[in-house]
Amino acid sequence: MNEYDSNRIFDLTKKINYEPTKDLNEANCYILNTCHIREKATDKVYHDIGRLKKNFRNKPKPIVLIAGCVAQAEGNILLKNEKYIDAVLGPQSYHQINKTILKLEKKKSPINITEFDVIEKFDSLNSLKNTDNKVSSFLTIQEGCDKFCKFCVVPYTRGAEYSRSMKELVLETNQLVENGAKEIILLGQNVNAYNFEKSKLSDLILEISKIKDLKRIRYTTSHPKDFTRDLIDAHKNCEKLMPLIHLPVQSGSNKILEAMNRKHTVEEYLEILKKLIKVKPEIKFSSDFIIGYPGETNEDFKNTVKLLNQVGFINSYSFMFSPRPGTPAFDLPRLDHAEAKNRLIEFQLIAEDIKNSYRKKLINKTVNVLFENKMKTGDRYFGRDEHFNSVIVESDDNLVGTIRNVKIINGNQNTLYGEITSNLKQTNCAA
Ligand code: SF4
């Protein structure tokens, strides 16, 4: 979502004649768009500012703005501790960036804008054409979260759930497709909680799938509680909807899920997966896991491992519990660090085995790849298959923006290597 926000910040600042630069040393305005989901995010801000100060030691100081969730959560502290920072802007206030920069051009006195202006933000952004021109483009459709999982900062940094209007989203999708997008990744902290005047995520998917030149649709990140029948059916009815679903489960123990306030059980989670496989057998899953949550016993941990093996997630993103200030879980008694770390290592080794054996089975198979860009070295092209695996091929033809059949020859943990076998006839949405 920060990537989407950063692109929109570029679109905004163009209106006051600022252009992005790749050379940090020539910037006269420096915007650091931050994420607060993991520990040490604030340390990274101070570290980056330190580097900036060094680079600009013998030059006029640039305007320095901190945007995003660190600004939202710790804006006042940042302004107090680091005088080099001129302004902090929360993720729901970045539409005010031009006003802020123009003010700072005249006079550098600290500015803190961290209100939750989400309606006003999207009202301002809607009038501005999205100029992102990637083959695979992000589109924020929903922000914020009302679930209040006990470990999570999102409800405090992004605010309550808010869904953008279907009309605006169809318009913005058309803009992105006109710019060259073949794939749209619909984004939301709780993307399947999308609900605008009774239109749900499934309605939006079916609507944008009618855009002829849009070939692929994905969405992330979902919550099991909002995985309704209509969304499951969208996977049956819309071939443009890709068969990889990222559905965080966090733990395989009902006791821990309850302690986390996740609002679902392991059984309910598995039931959703079963229904999805029933409508589309080729669907695969990826998930997020928190290992070592306060109160997690060895038996709870074993249940998480059991779930991992049972589902065979093709990608598992696992982290040791990271206490975030301001969340209810912050004050809970923590597990012994070494014990939690051992569990994480054990978990990750099993997850890696599952991933490796899945990827081995892909060797000599043919997959459909949407090519996103030419690589820096040689005539090599990078793309992704339907299950979001990274694939690289060599080709004399420009493959960017095309979907091709690729035979997988070999691969490693992160990338598959293959050769083009043919063009792919693109299927359309049946609904
Ligand atoms: S559902 Fe996701 S975004 Fe919302 S509080 Fe839980 S983890 Fe955070």
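Here the structure is a predicted model, which means the values were calculated and not measured.

Reading guide: rules and limits
Residues numbered from 1 in each chain as written. Predicted model: local features only at pLDDT ≥ 70, side-chain atom pairs only at ≥ 80, totals over all residues. Helix = DSSP H or I, 4+ residues; strand = E, 2+ residues; numbered from the N terminus. Rg over C-alpha atoms; globule rule 2.2 N^0.38 Å. Buried ≥ 20, exposed ≤ 12 C-beta atoms within 10 Å, placed from the backbone. Domains from an automatic or database assignment. Arc of directions from axis to C-beta. Contact = placed C-beta atoms within 7 Å. Pairing = 2+ DSSP bridges. Right-handed = clockwise from strand over helix to strand, strands pointing away. Axes fitted to C-alpha atoms, helices over the stretch in contact; angles between N-to-C directions. Parallel < 35°, antiparallel > 145°, perpendicular 65-115°, else oblique. Left-handed = near helix turned anticlockwise from the far one by under 90°. Nonpolar A, V, L, I, M, F, W, Y, C, P; charged D, E, K, R; others polar. Expected span 1.5 Å × (residues − 1).

**Q** What should I look at first to understand the overall build of the protein in this one?
**A** Counting its regular elements, the protein contains 13 helices and 19 strands. Taking 2.2 N^0.38 as the reference for a compact globule, 431 residues should give roughly 22 Å; the C-alpha atoms of the protein span a radius of gyration of 23 Å, in line with that estimate. The principal-axis extents of the C-alpha atoms in the protein amount to approximately 60 × 55 × 45 Å. Expressed as a percentage of its 431 residues, the buried residues of the protein come to 40%.

**Q** Would you explain the domain arrangement of the protein in this entry?
**A** Where interface size is given, it is often the accessible area lost as the parts come together that is meant. If you check the domain split of the protein, you get domain 1 (2-115), domain 2 (120-360) and domain 3 (366-423). Inter-centroid distance (C-alpha atoms) of domain 1 to domain 3 is 37 Å.

**Q** Even after reading the chapter, I still don't get helix H4 (residues 97-106), so can you show me in this structure?
**A** Those residues of H4 that sit buried are Ile97, Thr100 and Ile101. Seen end-on, H4 carries its buried residues on one side only, within an arc spanning 95°. Exposed and oriented more than 90 degrees from the buried face of H4 are Lys99, Leu102 and Lys106. Buried-residue contacts for H4 involve helix H1 (2-14), strand S1 (29-34), strand S2 (63-68), strand S3 (87-89) and strand S4 (111-113).

**Q** Honestly, unusual backbone geometry in this entry has me stumped. Any pointers?
**A** Most peptide bonds are trans, and most residues other than glycine sit at a negative phi. The step from Thr220 to Thr221 runs through a cis peptide bond, and the omega angle for that step is 5°. Positionally, Thr221 belongs in the loop between strand S11 (216-220) and helix H9 (229-237). Even without being glycine, Asn261 reaches a positive phi, approximately 65°. Assignment of secondary structure puts Asn261 in the loop between helix H10 (254-260) and helix H11 (266-279). Residue classification places Asn261 among the partly exposed positions, given that 14 C-beta atoms sit within 10 Å. Its identity is not glycine, yet Asn364 carries a phi of approximately 75°, on the positive side. Within the secondary structure layout, Asn364 lies in the loop between helix H13 (337-362) and strand S15 (366-374). Classification of Asn364 by C-beta neighbours within 10 Å gives exposed; the count is 10.

**Q** Just checking my understanding: could you explain the pairing of strand S14 (residues 315-320) for this structure?
**A** Consecutive residues of a regular strand have side chains that alternate between opposite faces of the sheet. Relative to S14, strand S13 (residues 284-291) runs parallel, the two being bridged by six bridges. Note on S14: the bridge partner recorded for Ile290 is Phe319. Each parallel crossover has a hand, and for S13 linked through helix H12 (residues 298-311) to S14 it is right-handed.

**Q** Sorry if this is basic, but what is going on with the packing of H1 against H4 here?
**A** Between two packed helices, the angle of one axis relative to the other and the distance separating the axes together describe the packing. Two numbers describe how H1 lies on H4: the axes approach to 9 Å, and their chain directions differ by 55°. On the basis of the axis angle, H1 is oblique to H4. For the element pair H1 and H4, the recorded crossing hand is right-handed. For the pair formed by H1 and H4, the contact residues are Ile9, Leu12 and Thr13 on the first element and Ile97, Asn98 and Ile101 on the second. Grouping the constituent residues of the contact of H1 with H4 by class yields four nonpolar, two polar and no charged.

**Q** Before we go on, may I ask you to explain the sheet that holds S1 in this structure?
**A** By way of backbone hydrogen bonds, the strands of a sheet pair with one another, either parallel or antiparallel. Taken together, the four strands give an open sheet; going across it, the order is S1-S2-S3-S4, and neighbouring strands pair in parallel fashion. Whereas interior strands pair on both sides, the edge strands pair on one side only; in this sheet they are S1 and S4. Here the strands of the sheet are splayed against their neighbours by 15° on average, with no regard to which way each runs. Pairing between S2 and S3: three bridges, direction parallel. The partner of Ala67 across the bridge, within S3, is Leu89. Across the sheet, helix H2 (residues 41-55) touches S1 and S2, and the angle it forms with S1 is around 165°.

**Q** What is the right way to look at H1 in this model?
**A** For an α-helix, 3.6 residues make a turn, and residues three or four places apart therefore share a direction. For H1, spanning 13 residues, the distance from its first C-alpha to its last is 18 Å, which sits close to the expected 18 Å at 1.5 Å a residue. Within the sequence span of H1, burial applies to Asp5, Arg8 and Ile9. Projected onto a plane normal to the axis of H1, the buried residues spread over an arc of 110° and lie on a single side. Buried residues along H1 sit against S1, S2, H4 and helix H5 (118-126).

**Q** In this structure, what is going on with the environment of Asn174? I would like to understand it.
**A** Its place among the elements puts Asn174 in helix H7 (residues 166-178). A count of 16 C-beta atoms within 10 Å places Asn174 in the partly exposed class. The spatial distance from the C-alpha of Asn174 to the C-alpha of Ile211 is 7.4 Å, given a sequence separation of 37 residues.

**Q** Whenever I open this one, the packing of helix H8 (residues 201-208) against H9 confuses me. Can you help?
**A** Axis separation between H8 and H9 bottoms out at 8 Å; the angle between their running directions is 25°. The angle between H8 and H9 falls in the class roughly parallel. For the pair formed by H8 and H9, the contact residues are Leu201, Ser202, Ile205 and Leu206 on the first element and Asp230, Leu231, Asp233 and Ala234 on the second. For the contact of H8 with H9, a count of residues per class yields five nonpolar, one polar and two charged.

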